[in-house]
Amino acid sequence: MSDEFSRRLLPTLSRIADHFGTPFHIYDMQGARDTAEGLNHAFHDLNFREYFAVKAQPNPQILRLLANHGFGFDCSSLAELVAAREAGASGDDISFTSNNTSYEELVAALDADAIITVDDETVVDRLLSMRARPRSVCFRVHPGRSASVQNMHLGGGDSSKFGIRIDRLHDVVAKARGLGAHTYGLHIMLGSHLQVPDSFLKNLDLLLDAALLLQDATGVRVDFVNLGGGIGIPYRPGEREFDLAGLANGVRDRVNAFEREHTWPLRVLLESGRYVMGPHGVLVTRVLNRMTKWREIVGVDCGMNGLIRPGMYPDAYHHVSVLDGDGRGLETVDVVGSMCENNDKFAIQRVIPRTVEGDLVLVHDTGAHALSQAYTYGGRLRPQELLLHPDGVVERIRRAETVEDYFATLHCDADRLETAAVLR
Ligand SMILES: *Cc1c(COP(=O)(O)O)cnc(C)c1O
């Protein structure tokens, strides 16, 4: 959470909480705009476009805001395609980067006329059998054993389920020529929440080498390289910001040299999610109970049903603060939700200001991979989303889930299959 966001939010936060009720995620429109502008500016002298990763923050109001900055959208599922189209995107505005892709998803992506990012040879086979005519085909490559482990969640070495084996790339691309796409690209993403530009630049080198070999082997000349997402943000206080200018300089040097040397114009794509929205959201939750177990426990009115990262990834940290907590004494506590899971904790043995029932607790940096990743185990329902406009207006952009929502899927068409005869 930036100082500017704090300054915009904190003076009126208790009124906002009284009006809308807790818990909620609230997003800072001005901050999101500033980051979007900054990203575009960093790459302004390249042929560049950011395709925001919808899975990080799929609310169409946020997507529309980002579309106003020229962003396209990276979608990985049917619902995300719907969200992107809801936000006005189509054609070249959408890159469909799925994994273990279904026929229905491909139909939807083709219907949107999206760039199809092929994650596996079987996708090409299926597109051919569908007689599909995608506008643009991109190939996600995975370098396998030579890839350093950049992040365990995407799989380094040979454990990854993502991408085309680089030693199969030429065959896959040669086959994909039958699709008659207008443009081709290469994609790579090996890690998430990366702290420094190095691995992006290493990956870019890998793609540029692959592009040259690919042209020699197949005659296909790629028009763009997609470096995926993965730019990290400072979740911990005092942590340094990702060196975006360093990344942009490194990319510019490499791409300009490549373009000059080979008279080969290249477009550069990124699919940032966390970097764009992560810092511009905060989860606001109220203290329900103070409990003394073996430790001091602060129980709040939201848990993994609003934010699962701390429970899901052992190394995930979210800063926790208390509204009007300055000047209070400090204490060491666990901050917990209400789920029947002991990993339902936003903070473990964390030093925070002393709280009492009713205090507002802020869990920082929930603008990305927060509500979109939350779940409803134990009948714990997902919270609402609010948007803080630059003029101070606060708008509800998603209501809280209700008990009716939780039971909605029970209302289904009557259907019974008699299987007794088969068993006999
Ligand atoms: C998750 C994902 C992203 C976004 O990752 P961030 O770490 O939020 O930047 C981008 N592209 C693909 C293919 C992804 O799976």
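Scoring rules and cut-offs
Along each chain, residues carry numbers from 1 onward, in the same order as the chain's sequence is written. Predicted model: local features are reported for residues with pLDDT of at least 70 only, side-chain atom pairs are reported and counted for 80 or more only, and whole-chain, interface and lining totals are derived from all residues. To obtain the side-chain values, all non-hydrogen atoms of the structure were included, while hydrogens and water were left out. Comment: elements are numbered from the N terminus, with helices defined as DSSP H or I runs of at least four residues and strands as E runs of at least two. For each residue, the accessible area found with a 1.4 Å probe, counting protein chains only, is set against the maximum for its type, and the residue is called buried under 20%, exposed over 50%, and partly exposed in between. Within 3.5 Å is the distance limit for a polar contact, defined as a pair of N or O atoms, with the added protein rule that one can donate a hydrogen and the other accept it, and that residues adjacent in sequence qualify only through two side-chain atoms. For this analysis, a salt bridge means a side-chain nitrogen from Lys or Arg found within 4 Å of a carboxyl oxygen belonging to Asp or Glu. By definition, residues are in contact when any of their heavy atoms lie within 4.5 Å. It suffices for a single heavy atom of a residue to lie within 4 Å of a molecule or strand for the residue to be listed as near it. Under the convention used here, a 1.4 Å probe and the Shrake-Rupley method define accessible areas, while residue burial counts only the protein chains that appear. Residues are grouped as follows: Ala, Val, Leu, Ile, Met, Phe, Trp, Tyr, Cys and Pro are nonpolar; Asp, Glu, Lys and Arg are charged; all remaining types, including Gly, are polar. An automatic or database domain assignment is the source of the domain bounds shown. By buried area we mean how much accessible surface two parts lose on assembly, using a 1.4 Å probe and totalling the loss over both. Multiplying one less than the number of residues by 1.5 Å gives the expected span of a helix. Note on bend: at a given residue it equals the angle between the axes fitted to the 7 residues ending there and to the 7 starting there. The directions from the helix axis to the C-beta atoms form the arc being described. Buried Ala, Val, Leu, Ile, Met, Phe, Trp, Tyr and Cys residues that are joined via side-chain atoms within 4.5 Å together make up what is termed a nonpolar core. Like charges are joined within 9 Å and nonpolar side chains (Val, Leu, Ile, Met, Phe, Trp, Tyr) within 5 Å, but only among residues with over 30% relative accessible area and no salt bridge; these make up the patches. His is not counted, nor are the chain ends, whereas Lys and Arg count as positive and Asp and Glu as negative. We put the charge of a Lys on NZ, of an Arg on CZ, of an Asp on CG and of a Glu on CD.

Now for the environment of R133. Here R133 lies in the loop between α6 (121-129) and β6 (136-142). With a relative accessible area of 60%, R133 lands in the exposed category. Polar contacts involving the side chain of R133 include one to the main-chain carbonyl oxygen of G178, which spans 3.5 Å. A polar atom in the side chain of R133 sits 2.6 Å from the backbone oxygen of L179.

Going through the model one piece at a time under the given rule, you end up with 23 salt bridges. Across the salt bridge formed by D93 and R49, the nearest N and O atoms sit 3.0 Å from each other. Residue D93 is located in the loop between α4 (78-86) and β4 (94-97), and its partner R49 is located in strand β2 (residues 48-53); the two are separated by 44 residues in the primary sequence. We note a salt bridge from E121 to R168, for which the minimum N-O separation is 2.9 Å. In this pair, E121 sits in helix α6 while R168 sits in the loop between β7 (164-165) and α7 (169-176), placing the two residues 47 residues apart along the sequence. The network of salt bridges with common partners includes E121, D125, R168, D171 and K175.

Below, the discussion takes up the side chain of H389. For H389, the position within the fold is in the loop between β17 (384-388) and β18 (394-398). Polar side-chain contacts of H389 include one of 2.7 Å to the side chain of E395. The contact partners of H389, leaving out residues within four places of it in the chain, are M29 and E395.

In the vicinity of the ligand lie 14 residues, with K55, S192, E271, R274 and H369 positioned nearest. Between S192 and the ligand, the recorded distance is 2.7 Å, taken from a side-chain N or O atom to an oxygen atom. Within the contact set of the ligand, an oxygen atom lies 2.8 Å away from a backbone nitrogen or oxygen of R274. Protein chains shield 92% of the accessible area of the ligand, which is 390 Å² for the free molecule. Classifying every residue of the shell around the ligand by side-chain character gives two nonpolar, seven polar and five charged.

With that out of the way, let us pick up the domain arrangement of the protein. The assigned domain composition of the protein is domain 1 (90-272) and domain 2 (278-409). Contacts between domain 1 and domain 2 engage seven residues on the former and nine residues on the latter. Of the roughly 770 Å² buried between domain 1 and domain 2 on both sides combined, carbon and sulfur atoms contribute 62%. In this assembly, domain 1 and domain 2 are joined by zero salt bridges.

Before going further, it helps to examine helix α1 (residues 3-20). One turn of an α-helix holds 3.6 residues; hence residues three or four places apart share an orientation. Helix length check: α1, at 18 residues, gives a terminal C-alpha distance of 24 Å against a target of 26 Å (1.5 Å per residue), a fit within 8%. Approximately 60° is the largest bend angle found in α1, and it occurs at L13. Within the sequence span of α1, burial applies to F5, S6, L9, L13, I16, A17 and F20. Against the buried residues of α1 lie β1 (24-28), β11 (281-292), β16 (360-364), β17 and β18. Positioned one or two residues after α1, G21 has a phi angle of 80°, which is positive.

On to helix α2 (residues 29-42). In a regular helix each residue adds 1.5 Å, so 14 residues correspond to 20 Å; α2 covers 20 Å between its end C-alpha atoms and thus fits that length. Looking only at α2, the buried set comprises M29, G31, A32, T35, A36, L39 and A42. Looking straight down α2, one finds that the buried residues subtend no more than 165° of arc, so they occupy a single side.

What follows covers the nonpolar core. Of all hydrophobic cores here, the largest spans 86 residues; its most connected members are F43, F139, L186 and V251. When residues in this core are grouped by element, the largest group, eight residues, is from helix α8 (residues 198-218). A domain-level breakdown of this core finds at least three residues from each of domain 1 (90-272) and domain 2 (278-409). Among all residues touching V251, those that are not within four sequence positions of it are F43, L46, L201, L204, L227 and V268. Core analysis: the second largest hydrophobic core is formed by 17 residues, M1, F24, L362 and V394 among them.

This brings us to unusual backbone geometry. The omega torsion across T22 and P23 is -5°, close enough to zero to call that bond cis. Here P23 lies in the loop between α1 and β1. The phi dihedral of N100 falls on the positive side, at around 55°, and the residue is not glycine. Using a relative accessible area of 71% as the deciding quantity, one classes N100 as exposed. The phi torsion at D365 lies on the positive side, around 60°, for a residue other than glycine. Inspection of the secondary structure assignment puts D365 in the loop between β16 and β17. When its relative accessible area of 3% is taken as the criterion, D365 is described as buried.

There is a patch of nonpolar side chains on the surface, built from V403, Y406, F407 and L410 and spanning about 390 Å² of accessible area. The topology assignment puts L410 in the loop between α12 (403-407) and α13 (420-423).

On the surface, D3, E4, D34 and E37 cluster together into a patch of negative charge. Secondary-structure assignment places E4 in helix α1.

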